[in-house]
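Chain residues, written in single-letter form:
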Amino acid sequence: MTADLALIWPELILTIGGLVTLMLGTFLGDRQVGLYQLAALLTLGAAAVAVVALFGTHATVFSNTLSVDAFGGFAKLIIYGASAVSILVAPRFFTTGMRAEYPVLILFAALGMGIMASARDLMTLYVGLELNSLAAYVLASFMRTDERSSEAGLKYFVLGALASGMLLYGISLLYGFAGSTDFATIATRVGGELNIGLIFGIVFVLAGLGFKVSAVPFHMWTPDVYEGAPTPVTAFFASAPKVAAMALMTRVVVDAMGPAVGAWQQIVIFLALASIILGAVGAIGQKNIKRLLAYSSINNVGFMLIGLAAGTQLGVQAVLTYLLVYVVTTLGAFLVVLQLRDADGNQIESIPALAGLSERRPGLAAAMAVFMYSLAGIPPLFGFWPKYLAFQAAVNANLVPLAVAGIVASVIGAYYYIMIIKTMYFDDKSEVEISGGGNIVEGTIMTVSALWLSIVGYLFIPMLGAASAAAAAVLF
Amino acid sequence: MSGFPFLSLLLAIPAIAAVACLFVGDRNAKFVALGATLVNFALSLVMWSQFDIGGAQWQFQERSEGLFGPFDWALGIDGLALLLIVLSTFLMPLCILASWEAITKRVGLYMAMFLAMEVVMIGVFAAQDLLLFYIFFEAGLIPMYFIIGIWGGANRKYAAFKFFLYTLLGSVLMLIAMIAMIAEAGTTDIPTLMSYNFPVDMQTWLWLAFFASLAVKMPMWPVHTWLPDAHVQAPTAGSMILAGVLLKMGGYGFVRFMMPMFPEASAQLMWIVFALSMVAVVYTSLVALVQSDMKKLIAYSSVAHMAIVTAGLFAFNQQGIEGAMIVMLSHGVVSAALFFCVGVIYDRLHTREIDRYGGLAVNMPAYALFFMLFTMASIGLPGTSGFVGEFLSIAGIYEASSWVAFVCTTGIILGAAYMLYLYRRIVFGELTKDDVKAMPDLNPREWAIMAPLAAVALWMGVYPESFLAPMRGDVTTVVARLAPAKPAGDAHVSAGKPKAAEKHGEGHEVPAGEAHHAGGSQ
């Protein structure tokens, strides 16, 4: 037991750090937000160091419920990074309403996500997922006085509860028919003859997880929640929880359902294609940039699922690489959205208001163009690389029709990405004055991520390949 | 000198200059761009002089193992790529000069996009790694999208979208094919893949996927419709580079990938290429004949010329492929020049309507002379570059199929019709319109663009050996690679009567004699 504790340092650090920040907030009040921010960032940094220290370890702890391995480590590093960025960008957004709870909630959400990424038992899976979700519901409605924010929180909560219900139903079926909540045991059971109960269990678990990654047809909440939630929170939702849910889904599919390829693969293929196509088509008519990015995230999840559908080590590697690149791109795009304020300091979310942005703010427009092309997967931007890996995994797993369908549908997605670029570069300047300024932290994060996503990223391929290969190897 | 990284340098100079252009302000950007492209041109000429004709197939090779993990920064060129690179570097300074006064807004960004375009073009021709090639190939969409969309004509947004999505849709299928090839052959190295024997049934699919991409890029009928739109809306220099080099990426892809990598499939499916080329030659020539917009007319003529390229390439013989390559080079120079000719008068009158002009020979004699030369080169008058290419390729096509040669020749006659008709309406006739009367003749800057283009068009026409020599060995390699799969032609060309009769008696293993024999028994 004590030995086990030594292996979950990242989780311990996050728990303690979260509680300390919470206590500080309770006693010092909301004026010391800078301090809480710093505490939260230090906590995340320490947790990340712990993850790196444990990267080579491969062990199971607490009666096989959690796995400490490179796969979880890879996901956690992305999660912590995304959480840190979400904390960094918050104060400028919540000019008046920044409260101590924000960093605390993000810390607890990160803790839950870390558990999700490490879970190898249906119970830990559920605990991690709910810990993350509960924090997320509160974060979505963080601006209590804002109608849209409250609506987003409520919508997220109701639909999230529905998804949790489905997931729990699936879990109970799997437990009932496989006789265990342990992934490895379930794998041996589904490796034999599949009965109707196990199939239903697989379907419901995947449906519940599909909701969390916002794969079509479980995506309905995404545009509304992304639009309504405060922008830093949206940036958080679009990045870290996606990583956790996708990592969890990967582990469930490969570890727990691995032998029953026929059962899960067709579901994942359906989710993948539906997400790519609907994510692309749904985005076309959008006038709100946050809604558009929501559809873009649905679309990108579809490509990750193509990698997952392959079910091979290469596929898992593609998913992990995709997650990293996607998170960097999405955070960058949301940072650009955060910079868009009119003369009165109000946030601008309408796409037509971006018209002529390249003449008002050339740097900002260029960064956005990089993010958009990267999300569309147009080389030489780095967004191409994970898409390539996903398609390669699919082709190598003899899923050529899936790859062809996916890549052809990606052209539909390219349409709305280049539409944004058209608005920024080709259209005449809009009426809306976009104020300058922005702080150095946000500017730096944006510049670094835009540079990384332009050609520089390719130099990281060997490193990224080695890390993702080590992470993916754990599952096989 | 062999260790000198010419190709990386050719890529680095415009790349650095492109970034610089964004920051140095509009006025300086022009000079930075012109300087960089001129240096690059000089460098490529040095490279040409260092190129060992008849030496190793691949020269100036550079390779950094494992820089990008699964794929490499692998560069290297053969004669085919060399000439196309020199074509690109030759046209770039002219394009920059052509936009010297025509582009007034956001000059820095414009120059940066053109330099990015140069990087992409050189990269496509120099890449020796399949993925590196794909990255360059696709990357060209981004600068061109900006060039058409920001500095284009009235309907530029539509044209930019159409260009981007059309070519993207084509390219993505090629990516899937590349992935399958890498999985099958276990390498991304282009020279290795060129001699790898893919299973025949797989070749068919790979061929079709590559064809989907390259046919759009080429462009072949019926997927050419993006080209007239893109050309009409693009600024003059954009059209020059689009017609001059970007279309050549398609032809280069045919001769670099489809033919040597999938010889059996190429032989099986050559009828598709021939059929589409025949339709394109006649149909687009007829369409060109009725255009009232100068740029559209030249755009359609590009489609017709490219159809001769595809037909020539798929003749599978030395003359056909060499001819097709010369048509590509010649078209690169001549169509760029023609688009510039259009640009010259467009800058003065701001309309592309043919009917708005007339009688320019009177007040713009120098312009009329150059325009005449390029018109003749486009038609294929002996002594100009067009003749060499068209003659060789049609001679090659004739060996493969006399019917295709017949139809392609018809296209050349139609080509003469629409080009001469265009020339007559613009340059000859009465000089009646007042605003046309007021148009001044070429200024020194325009001279500086016209003169090199004219010189090259004549050089290629009078002494094509300079251009044929570097590529001869490479074409022979491709022909040898295709030989086992090559279907018998219907023309039964033999090496001349007396010689053939002599060989006839010797036995059946002599191909020429075989062909003659078969011809006699028909």
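It should be emphasised that the depicted structure is a prediction, and the values quoted were computed from it without experimental measurement.

Asker: Help me understand the overall build of chain A in this model?
Answerer: Of the regular secondary structure elements, chain A holds 20 helices and 2 strands. Taken against the 2.2 N^0.38 rule, which gives 23 Å for 476 residues, the C-alpha radius of gyration of chain A at 21 Å falls within 12% of a compact globule. Projecting the C-alpha coordinates of chain A onto the three principal axes gives extents of approximately 65 × 55 × 40 Å. Long-range contacts, defined here as pairs at least 24 residues apart, represent 79% of the contacts in chain A between residues at least 6 apart.

Asker: In this structure, what is going on with the pairing of strand β2 (residues 71-77) of chain B? I would like to understand it.
Answerer: For a regular strand, side chains alternate in direction, first toward one face of the sheet and then toward the other. Residue and element names in this part refer to chain B. Counting buried positions along β2 gives 6 out of 7 residues, so the element sits mostly inside the fold. Of the strand pairs in this sheet, strand β1 (residues 59-68) and β2 are connected by 5 bridges, and their pairing is antiparallel. Across the sheet, the residue bridging to Phe68 is Phe71, located in β2. Linking β1 to β2, which pair antiparallel, is a turn of 2 residues; within it Gly69 sits at a positive phi near 70°.

Asker: Just checking my understanding: could you explain the interface of chain B and chain A for this structure?
Answerer: Interface extent is often summarised as the accessible area lost during association of the parts. If you look at the interface, chain B gives 27 residues, while chain A gives 24 residues. For the side of chain B that touches chain A, the secondary-structure elements that each account for two or more residues are β1, α5 (130-139), α6 (141-151) and α7 (156-185) of chain B. In the side of chain B that touches chain A, the residues fall into 21 nonpolar, 3 polar and 3 charged.

Asker: So what exactly am I meant to see when it comes to unusual backbone geometry here?
Answerer: Excluding glycine, a negative phi dihedral is what most residues carry, and trans is how most peptide bonds are arranged. For the peptide bond that leads from Val216 of chain A to Pro217 of chain A, omega is 10°, which places it in the cis range. Along the chain, Pro217 of chain A falls in the loop between α9 (196-212) and α10 (221-228). Here the residue pair Trp221 of chain B and Pro222 of chain B is connected by a cis peptide bond, since its omega of 5° sits within 30 degrees of zero. Among the structural elements, Pro222 of chain B can be located in the loop between α9 (200-217) and α10 (226-233). The residue Ser214 of chain A is not glycine, and still its phi comes out positive at about 55°. Looking at the element boundaries, Ser214 of chain A is found in the loop between α9 and α10. With 26 C-beta atoms counted inside 10 Å, the residue Ser214 of chain A sits in the buried group. Even without being a glycine, Phe60 of chain B presents a positive backbone phi close to 55°.

Asker: What's the story with helix α17 (residues 384-396) of chain A in this structure? I'm lost.
Answerer: Helical periodicity: at 3.6 residues per turn, an α-helix aligns residues three or four positions apart in one direction. Look at α17 of chain A: 18 Å from first C-alpha to last across 13 residues, which is about the 18 Å you get at 1.5 Å a residue. Turning to α17 of chain A, its buried residues are Phe384, Trp385, Pro386, Lys387, Tyr388, Leu389, Ala390, Phe391, Gln392, Ala393, Ala394 and Val395 of chain A. Elements that come into contact with the buried residues of α17 of chain A comprise α13 (289-310), α14 (313-339), α18 (400-425) and α20 (461-473) of chain A together with α7 of chain B. Looking at the residues trailing α17 of chain A, positive phi occurs at Asn398 of chain A, about 65°.

Asker: When you look at the packing of α9 of chain A against helix α12 (residues 261-284) of chain A in this model, what are you seeing that I'm missing?
Answerer: All names here are of chain A. Where α9 contacts α12, the two axes come as close as 10 Å, and the packing angle between them is 30°. Relative to α12, the element α9 is oriented roughly parallel. Crossing handedness for the pair α9 and α12: right-handed. Contacts from Ile199, Ile202, Val203, Leu206 and Gly210 in α9 reach Ala263, Trp264, Ile267 and Leu271 in α12.

Rules used in this analysis
Residues numbered from 1 in each chain as written. Chains lettered and ligands numbered in written order. Predicted model: local features only at pLDDT ≥ 70, side-chain atom pairs only at ≥ 80, totals over all residues. Helix = DSSP H or I, 4+ residues; strand = E, 2+ residues; numbered from the N terminus. Rg over C-alpha atoms; globule rule 2.2 N^0.38 Å. Contact = placed C-beta atoms within 7 Å. Buried ≥ 20, exposed ≤ 12 C-beta atoms within 10 Å, placed from the backbone. Pairing = 2+ DSSP bridges. Nonpolar A, V, L, I, M, F, W, Y, C, P; charged D, E, K, R; others polar. Expected span 1.5 Å × (residues − 1). Axes fitted to C-alpha atoms, helices over the stretch in contact; angles between N-to-C directions. Parallel < 35°, antiparallel > 145°, perpendicular 65-115°, else oblique. Left-handed = near helix turned anticlockwise from the far one by under 90°.

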